[in-house]
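# Working through the structure, step by step
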Amino acid sequence: MSDADLVLRSTRVITPEGTRAASVAVTAGTITAVLAHDADVPAGARLEDVGDDVLLPGLVDTHVHVNDPGRAEWEGFWTATRAAAAGGITTLVDMPLNSVPPTTTVEHLRTKQRVARDKAHVDVGFWGGALPDNVKDLRPLHDVGVFGFKAFLSPSGVDEFPHLDQEQLAQSLAEIAGFDGLLIVHAEDPHHLAAAPQHGGPRYADFLASRPRDAEDTAIAALVAHARRLHARVHVLHLSSSDALPLIARARADGVRLTVETCPHYLTLTAEEVPDGASEFKCCPPIREAANQDLLWQALADGTIDCVVTDHSPSTADLKTDDFATAWGGISGLQLSLPAVWTAARARGHGLEDVVRWMSSRTAALVGLDGRKGAIAPGHDADFAVLAPDETFTVDPAALQHRNRVTAYAGRTLYGVVRSTWLRGERIVADGDFTEPRGRLLTR
């Protein structure tokens, strides 16, 4: 600790071994020691004592649609990363679609990196995309450091990112398995979606019926079969159907290399409370019933679901019409994900250590950053969120940093106020005041 330049002190520090009073020593942006609360501060080091507020590792959100370039009016790196920082997120991984061009070639990745480089308030990595015609591009993208590859099994909603049929899925997955990459999948079966009733209009019940659980269940079953045959690494994105949980548990028990995420909106919002015409609640797959939500929470508790990520997928306000069939499907959640999940978790008897595991350590592990991110431990980046877990606030859309301040959480009272966020030992936001961008672009 003698060469530390910063010491953060709290009576509640969440470490991999549990929560304790501690002093965290930081040298040149890296955690060098976690010591007793009353440890001496070395000469020349700055002490930041946050009292009884909780010091937790910065969150790692591996499912974010930034949309920049090409649809930056929906969201851009400047606004998305400010929203992330305001919510205690210090690392995000950007999805390959909704930007133009999509991240499906090395050239397109370089374009996105150039756009992001001077705008990132937090660290940013990138997923590549798997399309019907870009199998040849997958290994080159892997070699330059994307964290894995996103594929859709049903239409994505944007023309420049077509979905894979089962034969194309097998081809892409075989290529990715050849270099032990990771395929992350939007798993809804297009045939089940086509067979579901498609009424359109403002009734949420009609929209919910148009995206049935069996569309998810069938797509996940097919993905598991491919992964089992190829011994490939696969990850199910934004699980909303609890009916798929037994299949997932059996596959994992059989040794299938399968991980699964869910999202704050599936854990905190229910179909029964969505007003008709309120397309700020629209996402695909959809927010389902309260009984389904209870089973998702149970699966988080027992480890069947690995992690919680936002699937932040914004649009301009005019695309959020009152017709659920035509409105853009996506929920903006970056800034509010930590308090939203913490509010629901504490009501169900979970602690902040659980939230950190779901939203920081396991997400870091998913993308191979667990040696650098997701824990307050020596050798890790000094990325922190300082949280007042027992304080509440009421969500005011005007206070959000998202480019388009449309939120399904408007008017809700949530627990957990993020006092400040730190990136590699530098405070990047405190009480709403931001520094200039200090984020770095990450590679696998």
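All residue numbers refer to position in the chain's written sequence, counted from 1. Two thresholds apply to this predicted model, a pLDDT of at least 70 for residue-level local features and 80 or more for giving and counting side-chain atom pairs, whereas whole-chain, interface and lining totals are computed over all residues. Side-chain measures here rest on the full set of heavy atoms in the structure, leaving out hydrogens and waters.

### Describing the overall build of the chain
The helix count covers DSSP runs of H or I at least four residues long, the strand count covers runs of E at least two residues long, and both are numbered beginning at the N terminus. Counting its secondary structure elements, the chain contains 12 helices and 18 strands. Two things to know: the radius of gyration comes from C-alpha atoms, and the globule rule equals 2.2 Å times the number of residues to the power 0.38. Computed over C-alpha atoms, the radius of gyration of the chain comes to 21 Å, within 12% of the 22 Å expected from 2.2 N^0.38 for 444 residues, which places it in the range of a compact globule. For the chain, the spread of C-alpha atoms along the principal axes amounts to about 70 × 45 × 45 Å. Looking at the chain as a whole, 61% of its 444 residues are labelled buried. Here, Shrake-Rupley sampling with a 1.4 Å probe gives the accessible areas, and only protein chains in the shown set may cover a residue. Carbon and sulfur atoms make up 49% of the accessible area of the chain, which amounts to about 15500 Å² in all. Each charge class in the chain was averaged separately, 41 positive and 59 negative side chains, and the resulting centres sit 3 Å apart. Summary of the burial criterion: residues with accessible area below 20% of their type's maximum are buried, those above 50% are exposed, and those between are partly exposed, where the area comes from a 1.4 Å probe applied to protein chains only. Positive charges come from Lys and Arg alone, negative charges from Asp and Glu alone, with His and the N- and C-terminal ends not counted. Charge coordinates come from a single atom per side chain, which is NZ of Lys, CZ of Arg, CG of Asp or CD of Glu.

### Remarks on the nonpolar core
Here, nonpolar core means buried Ala, Val, Leu, Ile, Met, Phe, Trp, Tyr and Cys residues that are tied together by side-chain atoms lying within 4.5 Å of each other. Grouped together as the largest cluster of nonpolar side chains are 98 residues, with contacts concentrated most on Phe149, Leu183, Leu239, Leu258 and Val355. Throughout, a contact is declared for two residues whenever any of their heavy atoms are within 4.5 Å. Contact partners of leucine 239, with chain neighbours within four places excluded, come to Glu216, Ile220, Ala244, Leu245, Ile248, Val260, Glu261, Thr262, Tyr266, Leu296 and Ile305. Formed by 20 residues, the second largest nonpolar core is a distinct cluster that contains Phe147, Phe152, Val158 and Trp328.

### Side note on empty space enclosed by the protein
The way it works is a 1 Å grid over only the protein atoms, where trapped points that fit a 1.4 Å probe form a cavity and open points with protein on both sides within 12 Å along at least five of seven lines form a pocket, and then any residue with an atom within 4 Å of a point lines it. Grid points are joined across faces, edges and corners, and a volume is the space filled by probe spheres set on the points. Tallied over the entire structure, the rule returns 3 cavities of 30 Å³ or more. Looking at the largest cavity, its volume works out to about 70 Å³. Around the largest cavity, the lining residues are Glu280, Ser313, Pro314, Ser315, Lys320, Gly330, Ile331, Ser332, Asn404, Val406, Thr407 and Ala408. Classes in brief: Ala, Val, Leu, Ile, Met, Phe, Trp, Tyr, Cys and Pro nonpolar; Asp, Glu, Lys and Arg charged; the others, Gly included, polar. Here the residues of the lining of the largest cavity sort into 4 nonpolar, 6 polar and 2 charged. In this structure, the second largest cavity encloses a volume near 40 Å³. Forming the walls of the second largest cavity are Leu59, Val60, Asp61, Ile89, Val308, Val309, Thr310, Ser337 and Met359. It is strand β6 (residues 59-64) that provides the largest number of residues to the lining of the second largest cavity, a total of 3 residues. For the lining of the second largest cavity, a count of residues per class yields 6 nonpolar, 2 polar and 1 charged.

### Details of the layout of surface pockets
Within this model, the largest pocket holds a volume of roughly 630 Å³. Along its surface, the largest pocket is lined by 35 residues, and Ser156, Arg211, Lys282, Cys284 and Gly329 are the ones closest to its centre. Among the secondary structure elements, those contributing two or more residues to the lining of the largest pocket are β10 (149-152), α5 (190-195) and α6 (204-210). If one sorts the elements of the lining of the largest pocket by residue count, α6 sits on top with 3 residues. Looking at the lining of the largest pocket, its residues break down into 13 nonpolar, 16 polar and 6 charged.

### Some thoughts on the side chain of glutamine 401
Tracing the backbone shows glutamine 401 in the loop between β15 (384-394) and β16 (413-423). The definition of a polar contact used here is a pair of N or O atoms within 3.5 Å, where within protein one atom must be able to donate a hydrogen and the other to accept one, and adjacent residues in sequence count solely through side-chain atom pairs. Separated by 3.2 Å, the side chains of glutamine 401 and arginine 82 make a polar contact. With residues near it in sequence (within four places) discarded, glutamine 401 still touches Thr79, Arg82, Ala83, Ala86, Gln335 and Phe434.

### Describing helix α8 (residues 245-253)
Buried within α8 are the following residues: Leu245, Ile248 and Ala251. Angularly, the buried residues of α8 cover 125° about the axis, an arc narrow enough to put them on a single face. In α8, the exposed positions angled more than 90 degrees off the buried face are occupied by Arg250 and Ala253. On its buried face, α8 sits against α7 (213-230), β13 (258-262) and α10 (290-302). The positive-phi residue at the C-terminal boundary of α8 is glycine 255, with phi of around 95°. The reported arc concerns the directions from the helix axis to the C-beta atoms and nothing else.

### With respect to the packing of aromatic side chains
For this analysis, a ring pair means two rings from Phe, Tyr or Trp (six-membered ring only for Trp) whose centres lie within 6.5 Å, classed as stacked if their planes differ by under 30 degrees, edge-to-face if by over 60, and tilted for the remaining angles. For the structure on display, the rule yields 8 aromatic pairs. Relative to phenylalanine 126, the ring of phenylalanine 77 has its centre 6.2 Å away and its plane inclined at 65°; by these criteria the two rings are edge-to-face. Of the two residues, phenylalanine 77 sits in helix α1 (residues 77-86) while phenylalanine 126 sits in strand β8 (residues 123-126), which places them 49 residues apart along the sequence. Comparing phenylalanine 77 with phenylalanine 126, the two get one shared label, buried. Note on tyrosine 204 and phenylalanine 207: the rings are 5.8 Å apart at their centroids and 55° apart in plane angle, and the pair reads as tilted.

### Structural notes on the packing of α7 against α8
It is at 10 Å that the axes of α7 and α8 come closest, and there the two elements cross at 10°. By the angle between their axes, α7 is roughly parallel relative to α8. Every residue of α8 that contacts α7 at Asp217, Ile220, Ala221, Val224 and Arg228 is listed here: Leu247, Ile248 and Ala251. Residues belonging to the contact of α7 with α8 are distributed by class as follows: 6 nonpolar, no polar and 2 charged. Orientation is described by axes fitted as lines to C-alpha atoms, over the contacting stretch for helices, and by angles from 0 to 180 degrees between their N-to-C directions. Should an angle lie under 35 degrees it is considered roughly parallel, over 145 roughly antiparallel, and from 65 to 115 roughly perpendicular; all remaining angles are considered oblique.

### Re the sheet that holds β6
Read across the sheet, 3 strands follow the order β6-β7-β8 without closing on themselves; strand pairing throughout is parallel. Each edge of the open sheet carries a strand with a single partner, namely β6 and β8. Each neighbouring strand pair of the sheet contributes to a mean axis angle of 20°, computed without reference to strand direction. For two strands to count as paired, DSSP must find a minimum of two bridges between them. Pairing between strand β7 (residues 89-94) and β8: 4 bridges, direction parallel. Each residue of the ladder has a partner; that of leucine 92, found in β8, is valine 124.

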